[in-house]
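Chain by chain, the residues:
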Amino acid sequence: MEESMEEEEVLIYETMMDDQNHNNWEAAVDGFRQPPPPPSSMPVPAREPPGGQLLAVPAVSVDRKGPKEGLPLGPEANGVIMMLKSCDAAAVAKAAPAPTPGSTININTSTSKFLMNVITIEDYKSTYWPKLDGAIDQLLTQSPGDYIPISYEQIYSCVYKCVCQQHSEQMYSDLIKKITNHLERVSKELQASPPDLYIERFNIALGQYMGALQSIVPLFIYMNKFYIETKLNRDLKDDLIKLFTEHVAEKHIYSLMPLLLEAQSTPFQVTPSTMANIVKGLYTLRPEWVQMAPTLFSKFIPNILPPAVESELSEYAAQDQKLQRELIQNGFTRGDQSRKRAGDELAYNSSSACASSRGYR
């Protein structure tokens, strides 16, 4: 009987302890639960950021030391650190001042300034293109070596602004139209030239235009890079050379070529520099024109004719002798031949020189 009574007292004591532990656990859980929302009539207080209530709980020894100096940081410590960081960010957000009307005015002012810098199509036609038009006129009509009082920086800035404001297509169209009208006037002037001045004037027109391209193309390099190469898949310099080919060279090639061949047969009727400039320029414009006079082009451009063969050496020698006779007939003398060595002496000296050179090897 005494043992059974003792067992009943132990069971009753354990049951009471279990009930007490259960009540303590519920009380602890209720402490972490959020309070119910207040009625609609009362003002709603600002909610604390996540983790604010956890800061009131005594944290385990979360030390600021690194893993080597303090305790090892486990998952619980990492969670507490993240909560601390979120609370710090919320505190910084609360401390940040609200935007003032002055800052809004500055934003609006900068926006209005940006809108004021927009270039309309009317601004382009009335302000920007006239500057480019005048500069292109001066570059196309300048003589080699002349100084032009224009600001290349200002012209490049105009091109840059127009490209940024989406006026590239209009500017490219105006440039092509401008140069086309200029080349048509040049072609008409060449047609009115007499035959004795035709070659020289064609050389001046060709050199003047190629010299102008060396300044025009760099000025429009921004348009060339971001419009012509990107959208048209072409190059500005190639387009401008093609304009001279179509509006000048093609119209005069059949009148120019007979005069060049005639000048070639008459020595020094045209200066060698003029002849070389025209032949090289025609080859640059259209290499197919070599077929019209391959011998003429071969005198100034290498590898035009096929390579020489031994069986044609006699013909080459005959052509050279013919040229020498023509020069003598036109009054060109060979000069004083008294100091020239004789053939035997030349042969002897050349053989001895070869022998001595072999001896020094």
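Residues numbered from 1 in each chain as written. Predicted model: local features only at pLDDT ≥ 70, side-chain atom pairs only at ≥ 80, totals over all residues. Heavy atoms only, no water.

Rules: UniProt positions are given in the numbering used here, feature names are shortened, and annotations may be inferred rather than shown by experiment.
Where an unreviewed UniProt entry is consulted, the chain appears under the name CDK2-associated and cullin domain-containing protein 1, with the organism given as Sciurus vulgaris. What UniProt records for the chain under Sequence similarities (unreviewed entry) is the sentence "Belongs to the cullin family."

**Considerations on the overall build of the chain**
Note the cut-off: Secondary structure is summarised from DSSP: a helix means a run of H or I of at least four residues, a strand means a run of E of at least two, and numbering begins at the N terminus for each. Relative accessibility decides the category of a residue: with a 1.4 Å probe and only protein chains considered, values under 20% of the type maximum give buried, values over 50% give exposed, and everything between is partly exposed. When checking whether two residues touch, look at their non-hydrogen atoms; a contact exists if any pair is within 4.5 Å. For every accessible area listed, the method is Shrake-Rupley and the probe measures 1.4 Å; residues are considered covered only by the protein chains on display.
A tally of helices and strands in the chain yields 13 helices and zero strands. What you see in the chain, going N to C, is helices and strands ordered as α-α-α-α-α-α-α-α-α-α-α-α-α. Every one of the 361 residues in the chain was classed for burial, and the buried ones make up 25%. Across the chain, contacts joining residues at least 24 apart in sequence account for 69% of those joining residues at least 6 apart. Carbon and sulfur atoms form 57% of the exposed surface of the chain, whose accessible area is close to 26,200 Å².

**Some words on the packing of helix α7 (residues 195–219) against helix α10 (residues 272–285)**
When two helices pack together, their arrangement is given by the angle between the helix axes and the distance between those axes. Threshold: Axis geometry follows a simple rule: fit a line to the C-alpha atoms, using only the stretch in contact for helices, then measure angles between N-to-C directions, giving values from 0 to 180 degrees. The scheme is simple: roughly parallel for angles under 35 degrees, roughly antiparallel for over 145, roughly perpendicular for 65 to 115, oblique for anything else. By definition, any crossing whose near helix is turned counterclockwise from its far helix by less than a right angle is left-handed, and any crossing with a clockwise turn is right-handed. For this classification, Asp, Glu, Lys and Arg are treated as charged, while Ala, Val, Leu, Ile, Met, Phe, Trp, Tyr, Cys and Pro are nonpolar and the rest, including Gly, are polar.
Relative orientation of the contacting elements α7 and α10 amounts to 55°, with a least axis distance of 10 Å. What the angle tells us is that α7 and α10 run oblique. When you trace α7 past α10, the crossing you get is left-handed. Between α7 and α10, the residues in contact are Ile-199, Glu-200, Phe-202, Asn-203, Leu-206 and Met-210 and Thr-274, Asn-277, Ile-278, Gly-281, Leu-282 and Leu-285, respectively. By residue class, the composition of the contact of α7 with α10 is seven nonpolar, four polar and one charged.

**What about the side chain of Thr-180?**
Considering the arrangement of structural elements, one finds Thr-180 in helix α6 (residues 168–191). Its relative accessible area of 13% is what places Thr-180 among the buried residues. In contact with Thr-180, not counting residues within four places along its chain, are Leu-243 and His-247.

**What about the layout of surface pockets?**
As a reminder of what qualifies: Site definitions follow a grid-based scheme: protein atoms alone, a 1 Å grid, a 1.4 Å probe that fits but cannot get out for cavities, and for pockets an open set with protein on both sides within 12 Å along at least five of seven lines, plus lining residues having an atom within 4 Å of a point. Grid points are joined across faces, edges and corners, and a volume is the space filled by probe spheres set on the points.
The calculated volume of the largest pocket comes to roughly 930 Å³. In terms of lining residues, the largest pocket is bounded by 26 residues, among which Gln-264, Thr-295, Lys-299, Gln-319 and Leu-323 are the most central. Elements supplying a minimum of two residues to the lining of the largest pocket: α9 (236–265), α10, α11 (294–298) and α12 (313–329). Broken down by element, the lining of the largest pocket gets its largest block of residues, eight residues, from α12. Classifying every residue of the lining of the largest pocket gives 14 nonpolar, six polar and six charged.

**Quick word on the pattern of salt bridges**
We count it as follows: Only one rule defines a salt bridge in this text: a Lys or Arg side-chain nitrogen within 4 Å of an Asp or Glu carboxyl oxygen.
This model, assessed by the stated rule, comprises five salt bridges. In this structure, Arg-234 and Asp-239 form a salt bridge, with 3.1 Å as the shortest nitrogen-oxygen distance. Residue class for Asp-239 comes out buried when judged on its relative accessible area of 12%. Salt-bridge contacts for Arg-286 lead to Glu-250; the nearest nitrogen and oxygen are separated by 2.6 Å. Taken together, the residues span a long stretch of sequence, with Arg-286 in the loop between α10 and α11 and Glu-250 in helix α9 at a distance of 36 residues.

**Some remarks on unusual backbone geometry**
In most cases, non-glycine residues show a negative phi, while peptide bonds are predominantly trans. Even without glycine at this site, Asn-233 takes up a positive phi of about 55°. Its place among the elements puts Asn-233 in the loop between α8 (221–232) and α9. A positive phi is found at Asn-303, a non-glycine position, where the angle reads about 65°. Among the secondary structure elements, Asn-303 is positioned in the loop between α11 and α12.

**Some thoughts on the nonpolar core**
What counts, and what does not: Residues enter a nonpolar core if they are buried and are Ala, Val, Leu, Ile, Met, Phe, Trp, Tyr or Cys, with the set joined through side-chain atoms within 4.5 Å.
With 65 residues, the main nonpolar core has Phe-220, Met-223, Leu-240 and Leu-282 as its most contacted residues. At the level of secondary structure, the elements contributing two or more residues to this core comprise α4 (121–141), α5 (152–164), α6, α7, α8, α9, α10 and α11. If you tally residues by element for this core, the top one is α9, at 13 residues. Residue contacts for Leu-282: discarding those within four places in its chain leaves Phe-202, Ile-253, Leu-256, Met-257, Leu-260, Trp-289 and Phe-297.

**Structural notes on the packing of aromatic side chains**
What counts here: The criterion for an aromatic pair is that two Phe, Tyr or Trp rings (for Trp, the six-membered ring) have centres within 6.5 Å, with stacked assigned to planes under 30 degrees apart, edge-to-face to planes over 60 apart and tilted to the rest.
One pass over the structure, following the stated rule, counts six aromatic pairs. With centroids separated by 5.2 Å and ring planes inclined at 25°, the aromatic side chains of Tyr-209 and Phe-244 adopt a geometry described as stacked. You can see Tyr-209 sitting in helix α7 and its partner Phe-244 sitting in helix α9, a full 35 residues away along the chain. Put simply, the rings of Tyr-160, Tyr-222 and Phe-226 pair up and form one aromatic cluster.

**A closer look at the environment of Leu-240**
Structurally, Leu-240 can be placed in helix α9. Distance from Leu-240 to Tyr-209, taken between C-alpha atoms, is 9.6 Å for residues 31 residues apart in sequence. Non-local contacts of Leu-240, meaning those with residues more than four positions away in its chain, are made with Ile-176, Ile-179, Tyr-209, Leu-213, Ile-216 and Val-217.

**Comments concerning the packing of α5 against α8**
Relative orientation of the contacting elements α5 and α8 amounts to 20°, with a least axis distance of 8 Å. When the interaxial angle is binned, α5 and α8 end up roughly parallel. Of the residues in α8, those touching α5 at Tyr-156, Val-159, Tyr-160, Val-163 and Cys-164 are Ile-221, Tyr-222, Met-223 and Phe-226. Considered class by class, the residues forming the contact of α5 with α8 number nine nonpolar, no polar and no charged.

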